[in-house]
Amino acid sequence: MVGTTIEFFDFYIYATAAVLVFPTLFFPKADSTAALLSSFATFGLAFVARPLGSIIFGHFGDRVGRKATLVGSLLTMGIATFLIGVLPTFDRVGYWAPALLSTMRFCQGLGLGGEWSGAALLATETAAKGKRAWAAMWPQLGAPFGFFLANGVFLVIMLTLGFDAKTAATNHAFLTWGWRIPFLLSALIVIVGLYVRLKLTETPVFAKAVEEGRRVETPVGEVVRTAWRPLVIGTFVMLATYTLFYIVTTWVASYGTGKVADHSGAKLAISYVDFLELQLVAVLFFAGLVPVSGWLADRFGRRIVLLVITTGIIVFGLLFGVMLDPRHTGDGGMLLFLIVGLALMGLTFGPMSAVLPELFATNVRYTGSGISYNFASILGAAVAPFIATWLVSSYGVFWVGVYLAITGVLTLLALLTMRETRDVDLEQV
C-alpha cells in the first residue's frame, strides 16, 4: 500500500499539472483548447507505455521474483517524476520542452506498468484462504491515497502562493517555480518506498513455483500462447474502471473550471482551488469503499459484485446531461457528481487486484495480469480525457456520459464471459 501510494502520487501530480500548468508552460503557441488537448496527449503517453512496462517488468517478475521487480518499478517512476520537476519550459528551449516532458511521461508509464501487478501479486499470493480480495484491496488503496496526497500538495502550494488559475499572469510564482515542488518532493518519498520494498520477502506461491521448476523462459510468449482468452477478458473487465476514473478526475477538472466549454458555449466557473477541495472530499468516498468492495467480493464472489457495480456505472454515465448541465451545475452539483463517480470507482477498483491475478497461472501471473490491466489503460484512460474534451466541445456533456456508458457495456459483456475466480487455488494454476 505504501509503495503504490507513492507510485500513484507521482502519476497523479502529472494529471493535475496537465490541466493546470502544462498547457501554459509547455504548449503556449496554441489556443487554449488546442493546448489542453496537446497536454492531454502527453498525459496519455504514459498509458501507451504501461503495457510495455508490464511486459518488461512482468518478465523479471515471473523470472526473478516479485520483490526485486517492484524495487525497479519504483525507481523508474521516481527518477522520471523528479526530472519533470527540473525540466525547462517552452520559452527556454522551444519544442524540446514538450519533447522532454513526453519522454519523462513515457518513463512514468513504464514504471507504473510494472508496479500494479507486482503489488497485487504480493497481496494475493500471501493472503489467507477466503480472504484474498480483502488482502488484495490494500494495494488498491494506494490509488485514492496517492490522489489525495497529490491534489492536497498542489492545493497547499496554490493557497500559500495565492494562485488563481483564471487570473494569474504567466510570471506568477506558482507558474515560475511553485508547480515544481510536488515533482521534486517525490525524491524524498521514493526513499521511504524503497525502505519498505527492501524489507519485503518473496511470496510463498512464487517460491513454490521456483522450487518445482515451473518458471518459463519467456513469460510474455507463454501467456499469449496459453492464456490469450484471459488476457482479452481481463482487459475489458478493467475498461470501464479506467474510463470512469479519468473522466471524473482529469477531464472533469478541465470542464468544471471552465477550460473547456459545452458545445453551446456555456461554461462552468468553479475556481481551481475550490475544485481541488471538492475532489479531496470526494476521493474519501473512493478510499472508503475500496475495503467494502473487497469484503463484498470475498462474500458474494467477484463476478456478481462487478456486474452490479458496472450496471451502476452505465446508469451514472447516462445521467451526465443532468448532473453536469453548465446552466445549472454549481459547487454543490459538482460535489455530488464527484462523490457518486468516485464512490463507484472505489467499488469497481477494489476487487480488481484479486480478479486479474486469479485469471492466470503462477509462472505468467505477473506478466498476464499486468498486460491486461495496462492494455485497458490504453483503451480507457489514455484516450478518455482527450475524447471527452472533444465530445463536450462538439456535441455536449451528455455524450461524454454516453461514451462512459458504452465502455460500461463492453465491461459488462466481458464479465458475463468470465468465470468466477473466488475459489481458484493460486498454487495449483
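Here, the structure is the one placed above.
None of the values given here were measured: they were computed from a predicted structure.

Definitions and cut-offs
- Residues numbered from 1 in each chain as written.
- Predicted model: local features only at pLDDT ≥ 70, side-chain atom pairs only at ≥ 80, totals over all residues.
- Heavy atoms only, no water.
- Helix = DSSP H or I, 4+ residues; strand = E, 2+ residues; numbered from the N terminus.
- Rg over C-alpha atoms; globule rule 2.2 N^0.38 Å.
- Buried < 20%, exposed > 50% of the residue type's maximum accessible area, 1.4 Å probe, protein only.
- Contact = heavy atoms within 4.5 Å.
- Areas by Shrake-Rupley, 256 points an atom, 1.4 Å probe, with all protein chains shown as cover.
- Lys, Arg positive; Asp, Glu negative; His and termini not counted.
- Charge placed at Lys NZ, Arg CZ, Asp CG, Glu CD.
- Polar contact = N/O pair within 3.5 Å; in protein donor to acceptor, adjacent residues only side chain to side chain.
- Salt bridge = Lys/Arg side-chain N within 4 Å of Asp/Glu carboxyl O.
- Arc of directions from axis to C-beta.
- Core = buried A, V, L, I, M, F, W, Y, C linked by side-chain atoms within 4.5 Å.
- Patch = residues over 30% accessible without salt bridge, like charges linked within 9 Å, V, L, I, M, F, W, Y side chains within 5 Å.
- Axes fitted to C-alpha atoms, helices over the stretch in contact; angles between N-to-C directions.
- Parallel < 35°, antiparallel > 145°, perpendicular 65-115°, else oblique.
- Left-handed = near helix turned anticlockwise from the far one by under 90°.
- Nonpolar A, V, L, I, M, F, W, Y, C, P; charged D, E, K, R; others polar.
- Phe/Tyr/Trp six-rings, centres within 6.5 Å; stacked < 30°, edge-to-face > 60°.

A. Spatial organisation of the overall build of the protein. Regarding its fold elements, the protein presents 21 helices and zero strands. Relative to the globule expectation of 22 Å for 429 residues, the C-alpha radius of gyration of the protein, 21 Å, shows essentially globular dimensions. With respect to the principal axes defined by its C-alpha atoms, the protein has extents near 65 × 45 × 35 Å. Relative to its full complement of 429 residues, the protein shows a buried share of 59%. For the protein, contacts bridging at least 24 residues in sequence account for 86% of all contacts bridging at least 6. Element-wise, carbon and sulfur atoms account for 69% of the exposed surface of the protein, whose accessible area totals about 15700 Å². The positive charge centre, built from 28 side chains, and the negative charge centre, built from 24, are 3 Å apart in the protein.

B. Quick look at the environment of threonine 348. One can find threonine 348 in helix H17 (residues 331-349). According to the relative accessible area criterion, threonine 348 is buried, its value standing at 2%. A C-alpha to C-alpha distance of 8.8 Å links threonine 348 and methionine 238, two positions 110 residues apart in sequence. If we skip the residues at most four places from it in the chain, threonine 348 touches Thr241, Leu244, Leu306, Ile309 and Ile313. At 2.9 Å, the side chain of threonine 348 and the side chain of threonine 241 are in polar contact.

C. Representation of the pattern of salt bridges within the structure. Tallied over the entire structure, the rule returns six salt bridges. Among the salt bridges present, the one from arginine 302 reaches glutamate 358, with a minimum N-O distance of 2.6 Å. One end of the pair, arginine 302, is in helix H15 (residues 302-318); the other, glutamate 358, is in helix H18 (residues 352-358), and 56 residues separate them in sequence. Of the two residues examined, arginine 302 and glutamate 358, each falls in the buried class.

D. How the structure looks around helix H20 (residues 384-394). Every buried residue of H20 is listed here: Ala384, Pro385, Ala388, Thr389, Leu391 and Val392. Looking straight down H20, one finds its buried side chains confined to an arc of 170°; they lie on one side. Just downstream of H20, glycine 396 is the residue with a positive phi angle, here 115°.

E. Here's a closer look at the side chain of threonine 81. Mapped onto the fold, threonine 81 is located in helix H4 (residues 66-84). The contact partners of threonine 81, leaving out residues within four places of it in the chain, are Asp10, Ile13, Gln108, Phe183 and Ser186.

F. Expanded view of the nonpolar core. Ranked by internal contacts, the top residues of the largest apolar core, which has 110 residues, are Phe22, Phe174, Trp179, Trp251, Met334 and Phe337. At 14 residues, the largest contribution of residues to this core is made by helix H13 (residues 228-256). Counting residues in each nonpolar core, the second largest holds five residues, with Ile6, Leu74, Val190 and Leu194 among its members.

G. Structural view of a nonpolar patch on the surface. Together, Met1, Trp134, Trp138, Phe145, Trp295, Phe300, Ile304 and Val308 give the surface a local cluster of nonpolar side chains, amounting to about 810 Å² of exposed area. Elements supplying a minimum of two residues to the nonpolar patch: helix H7 (132-140), helix H14 (272-300) and H15. Structurally, tryptophan 295 can be placed in helix H14. The partly exposed category is assigned to tryptophan 295, whose relative accessible area is 48%.

H. Here's a closer look at the packing of H13 against helix H21 (residues 397-417). At a minimum axis distance of 8 Å, the contact between H13 and H21 shows a crossing angle of 160°. Between H13 and H21, the interaxial angle falls into the category roughly antiparallel. At the point where H13 passes H21, the crossing takes the left-handed sense. Contact residues: Arg229, Ile233, Phe236, Val237, Leu239, Ala240, Thr243, Leu244, Ile247, Trp251 and Tyr255 in H13; Val397, Val400, Tyr403, Leu404, Thr407, Gly408, Leu410, Thr411, Ala414, Leu415 and Thr417 in H21. Along the lines of polarity and charge, the residues of the contact of H13 with H21 split into 16 nonpolar, five polar and one charged.

I. Focus on the packing of H13 against helix H19 (residues 365-382). Between H13 and H19, the least distance of the axes is 7 Å, while the angle of their chain directions is 45°. Relative to H19, the element H13 lies oblique. When the axes of H13 and H19 are compared, the crossing they make is right-handed. Contacts between H13 and H19 pair Pro230, Leu231, Gly234, Thr235, Phe236, Met238, Leu239, Tyr242, Thr243 and Tyr246 from the former with Gly368, Ile371, Ser372, Tyr373, Asn374, Phe375, Ala376, Ser377, Leu379, Gly380 and Ala381 from the latter. The class makeup of the residues in the contact of H13 with H19 is 13 nonpolar, eight polar and no charged.

J. Broad picture of the packing of aromatic side chains. Inspection of the entire model under this criterion finds 25 aromatic pairs. For the ring pair tryptophan 134 and tryptophan 138, a centre distance of 6.1 Å and an interplane angle of 90° mean the geometry is edge-to-face. In this pair, tryptophan 134 and tryptophan 138 are both assigned in helix H7, four residues apart and thus about one turn of the helix distant. The exposure class of tryptophan 138 is partly exposed, given its relative accessible area of 39%. These aromatic residues form a ring-pair network of at least three members: Phe8, Tyr12, Phe147, Phe245, Tyr246, Phe286 and Phe349.

K. Examining the environment of methionine 158 more closely. By secondary structure assignment, the location of methionine 158 is in helix H8 (residues 142-161). On the basis of relative accessible area, methionine 158 is assigned to the buried category, the value being 1%. For methionine 158 and isoleucine 79, which are 79 residues apart along the polypeptide, the C-alpha to C-alpha distance reads 24 Å. If sequence neighbours within four positions are ignored, methionine 158 has contacts with Leu20, Phe163, Phe174, Tyr272, Val273 and Leu276.

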